[in-house]
Amino acid sequence: MWRAVATGHVRHADAVRVHAGLRHGFTAGVDVARLAGHRWFKNYKSALEGRGAVTRAVMKRVQTDKTVYLGEWTPQLAEALRTIYRATCIFPMGAVAKPLEPTELRPTSDHTRTGLNAATDLEGLRHSLNAYSEIAWFLQLDHFMRVSDVEAAFPMLPYHPDVWPFVMFRFYASNEATNMGLFCHLFGDFGAAGMPGTFKLFFVDVVVNMARSLNVLTLPMSVYVDDCSLIGPCAVEVDTEMTAFQQWAESVCGVSFKVIKDRVAATTQLALGFWWDSTTLTRELEERKLLQYMDMLAEYATRESASLPPTAVETGDFGSGGVLRHAGCPQLTPVAWNRESNPVPIWQLGLQVRQLLDSSAQTHGAKLCSCVYCSGPGPRRTLFRGGLSLGHVGDLPL
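Per chain, residue numbering runs from 1 following the sequence as it is written. Per-residue local features of the predicted model are confined to residues with pLDDT of at least 70, and side-chain atom pairs are confined, for both listing and counting, to 80 or more; whole-chain, interface and lining totals are unaffected and use all residues. Computation of side-chain values covers all heavy atoms of the structure but excludes hydrogens and water.

### Description of the side chain of His 185
Next, step 1: A helix here means a DSSP run of H or I that spans at least four residues, while a strand means a run of E at least two residues long, and both kinds are numbered starting from the N terminus. The residue His 185 is located in strand S8 (residues 181-185) in this model.
Next, step 2: At 3.3 Å, the side chain of His 185 and the side chain of Arg 61 are in polar contact.
Next, step 3: Side-chain polar atoms of His 185 contact the side chain of Thr 67, separated by 2.8 Å.
Next, step 4: Filtering out sequence-adjacent residues up to four positions away, His 185 remains in contact with Arg 61, Lys 66, Thr 67, Phe 91, Ser 109, Tyr 159, Trp 164, Val 167 and Phe 169. Whenever two N or O atoms come within 3.5 Å, that pair is a polar contact, provided that in protein one can donate a hydrogen and the other can accept it, and provided that, for residues adjacent in sequence, both atoms are side-chain atoms. Residue contacts follow a heavy-atom distance rule, with two residues in contact if any of their heavy atoms lie within 4.5 Å.

Here's what the structure looks like:
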């Protein structure tokens with residue numbers, strides 16, 4: 001790392017922060033002085049209903065020393081916590097399905113409910129996710145892209161001991177257990193507001209740039225949280241370099257990748273929820289996600305009432321029209337923007353959605369969200385769709 005600093009590939013300030021974090025633990029921006037009292041919550045229904053899968057996931061962390069089991073939850077243990085610590089948090093845990101592993105669930109931590117996220121200072125951790133624009137710039141005509149995911153990205157970063165009392169939770173230690181036990185995360189989890197920025201600092205700003213300083217990485221690579229997209233003009237070169245980077249990252253930095261999710265170099269590649277096609281320089285929303293969005297819109301169209309905050313939480317980036325704007329789908333964007341910046345009455349929204357769904361089903365269907373993405377230099381190719389010329393790719397803005 002310090003060699004990369006000397007060559008100018010890694011900023012000295014970033015190296016100092018990562019060095020301190022790896023040695024003493026990362027605070028992930030949490031200001032523990034802003035947390036007071038003992039805030040303990042029960043788990044969500046999704047975690048309780050998936051008890052077996054959640055227990056396996058929790059105990060896997062325990063076995064790899066990412067989480068520590070503190071013992072069975074009893075009144076005596078509760079009193080001990082109040083005596084030892086001036087403030088503690090027991091967050092409510094939920095669970096979401098893993099798309100490629102149907103029988104497994106990923107536990108989620110609601111640190112917003114406990115106030116941990118409100119006590120997080122994101123100064124120095126805020127960053128822009130430019131992966132869509134970066135892929136559009138580098139994935140030029142007939143180029144290849146390989147996609148790889150970092151294995152257990154956040155759990156590879158240790159928490160600072162000051163944070164430990166505020167990342168505890170209760171759950172069953174085995175399928176036979178009748179009472180819940182108390183656990184404490186020693187390493188990062190999913191739900192802390194400062195973790196994405198902390199991982200970006202570690203992986204993108206330091207590890208990736210270390211690899212570039214040694215010429216392990218020479219091709220452009222876009223990183224979206226833990227999704228890595230390596231791009232180049234030759235498939236063999238792209239695959240070889242990604243494999244070399246994976247081996248180097250694991251042996252030198254302890255960063256491993258999910259082999260099950262690796263997708264070899266191709267001109268048509270699925271990345272960030274879109275199918276990118278460098279032979280036509282177009283991208284298209286993944287059909288599965290498009291159908292989910294359409295179903296969601298249909299559900300909202302039937303609601304008698306809906307408040308903005310829950311809607312925004314449920315739809316995520318879709319609620320602000322972000323995904324749809326990236327997909328080049330102006331038909332859906334006005335509906336999303338109306339509900340965010342100037343919410344319309346629910347009956348009016350329902351009418352707009354019904355009209356939109358009818359029109360979409362009759363005309364575009366699953367091809368609704370498709371657009372030309374090219375914004376970088378390189379050769380241009382005239383595109384035709386449905387007998388209509390779309391012009392030269394290089395002339396079309398995002």
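### Structural notes on the packing of helix H2 (residues 12-24) against helix H8 (residues 195-213)
Next, step 1: Note on geometry: axes are C-alpha line fits, over the in-contact stretch for helices, and angles between N-to-C directions span 0 to 180 degrees. Viewed as axis vectors pointing N to C, H2 and H8 meet at an angle of 130 degrees, and their least axial separation amounts to 10 Å. In terms of orientation, H2 and H8 fall into the oblique class. Crossing of H2 against H8: the hand is left-handed. Across the interface between the two elements, Asp 14, Arg 17, Val 18 and Leu 22 of H2 pack against Leu 201, Phe 202, Asp 205 and Val 206 of H8.
Next, step 2: Classifying every residue of the contact of H2 with H8 gives five nonpolar, no polar and three charged. Should an angle fall under 35 degrees it is called roughly parallel, over 145 degrees roughly antiparallel, and 65 to 115 degrees roughly perpendicular, with every other angle called oblique. By definition, any crossing whose near helix is turned counterclockwise from its far helix by less than a right angle is left-handed, and any crossing with a clockwise turn is right-handed. When residue character is reported, Ala, Val, Leu, Ile, Met, Phe, Trp, Tyr, Cys and Pro are called nonpolar, Asp, Glu, Lys and Arg charged, and the others, Gly included, polar.

### Focus on the nonpolar core
Next, step 1: Grouping buried Ala, Val, Leu, Ile, Met, Phe, Trp, Tyr and Cys residues that are joined through side-chain atoms within 4.5 Å yields what is termed a nonpolar core. Buried residues are those whose accessible area, probed at 1.4 Å on protein chains only, stays under 20% of the maximum for their type, while exposed residues exceed 50% and partly exposed ones sit between those limits. One finds Val 150, Phe 199, Phe 202, Phe 203, Met 221 and Phe 245 to be the most contacted residues of the largest nonpolar core, which totals 56 residues.
Next, step 2: For this core, the element with the most residues is H8, which contributes 10 residues.
Next, step 3: Sequence-distant contacts of Phe 199, that is, excluding residues within four places in its chain, are made with Val 150, Ala 153, Phe 154, Met 156, Leu 157, Val 204, Val 225 and Asp 226.
Next, step 4: Ile 135, Met 145, Ile 231 and Leu 285 belong to the second-largest nonpolar core, a separate cluster that totals 17 residues.

### Description of the pairing of strand S3 (residues 87-90)
Next, step 1: Burial of the side chains of S3 extends over both faces: Ala 87 and Cys 89 are buried on one face and Thr 88 and Ile 90 on the other.
Next, step 2: A pair of strands is labelled paired if DSSP reports no fewer than 2 bridges between them. As defined by bridge partners, strand S1 (residues 37-40) adjoins S3 across four bridges and the pair is classed as parallel. Residue His 38 lies in a different strand from S3, and its bridge partner there is Thr 88.

### With respect to the pattern of salt bridges
Next, step 1: Salt bridges are counted wherever a side-chain nitrogen of Lys or Arg sits within 4 Å of a carboxyl oxygen of Asp or Glu. Throughout the structure, instances matching the rule amount to seven salt bridges.
Next, step 2: Here Arg 146 makes a salt bridge to Asp 262, at a shortest N to O gap of 2.7 Å. Residue Arg 146 is found in strand S6 (residues 144-149), and its partner Asp 262 is found in the loop between helix H9 (235-253) and strand S11 (263-266); the two are separated by 116 residues along the sequence.
Next, step 3: The exposure class of Arg 146 is buried, given its relative accessible area of 8%.
Next, step 4: Under the relative-accessibility criterion, Asp 262 is labelled partly exposed at 21%.
Next, step 5: Where Lys 200 meets Asp 205, a salt bridge forms, and the shortest distance between an N and an O atom there is 3.1 Å.
Next, step 6: By relative accessible area, which is 26% here, Lys 200 ends up partly exposed.
Next, step 7: A network of salt bridges, in which partner residues are shared, links Arg 146, Asp 239 and Asp 262.

### Considerations on the sheet that holds S6
Paired through backbone hydrogen bonds, the strands of a sheet run either parallel or antiparallel to each other.
Next, step 1: Spatial strand order, S9-S10-S6-S11: four strands in an open sheet with antiparallel pairing. The outermost strands of the open sheet, each flanked by one partner alone, are strand S9 (221-224) and S11. Each neighbouring strand pair of the sheet contributes to a mean axis angle of 15 degrees, computed without reference to strand direction.
Next, step 2: Across six bridges, the pairing between S6 and strand S10 (residues 227-232) is antiparallel. Considered in S10, the bridge of Asp 149 is made with Asp 227.
Next, step 3: Contacting S6, S9, S10 and S11, H9 runs over the sheet at an angle of about 20 degrees to S6.

### Thoughts on the pairing of strand S4 (residues 93-98)
Successive residues of a regular strand alternate their side chains across the two faces of the sheet.
Next, step 1: As paired elements, S4 and strand S5 (residues 101-109) share six bridges and run antiparallel to each other. Bridging across to S5, Lys 98 finds its partner in Glu 101.
Next, step 2: Between S4 and S5, which pair antiparallel and follow one another directly, the connecting turn spans two residues.

### Examining H9
Next, step 1: Multiplying 1.5 Å by the residue count of a helix minus one yields the expected span of that helix. The terminal C-alpha atoms of H9 lie 26 Å apart, and with 19 residues this matches the ideal 27 Å at 1.5 Å per residue to within 8%.
Next, step 2: Listing the buried residues of H9 in full gives Val 238, Asp 239, Glu 241, Met 242, Phe 245, Gln 246, Trp 248 and Ala 249.
Next, step 3: On its buried side, H9 packs onto S6, H8, S9, S10 and S11.
Next, step 4: Of the residues trailing H9, Gly 254 is marked for its positive phi of about 75 degrees.

### What to know about the packing of aromatic side chains
Next, step 1: To pair, rings of Phe, Tyr and Trp, with the six-membered ring standing in for Trp, must have centres within 6.5 Å; the planes then decide the type, stacked if under 30 degrees apart, edge-to-face if over 60, and tilted in the middle. One pass over the full model with this rule turns up 15 aromatic pairs.
Next, step 2: Ring geometry for Tyr 132 against Tyr 224: centres 6.1 Å apart, planes inclined by 70 degrees, an arrangement best described as edge-to-face. Of this pair, Tyr 132 sits in helix H7 (residues 131-138) while Tyr 224 sits in strand S9, and the two are 92 residues apart along the sequence.
Next, step 3: Summarising the aromatic geometry, the rings of Phe 169 and Phe 183 are spaced 5.2 Å apart at their centres and angled 10 degrees between planes, so their arrangement reads as stacked. Note that Phe 169 is positioned in strand S7 (residues 168-171) and Phe 183 in strand S8, a separation of 14 residues in sequence.

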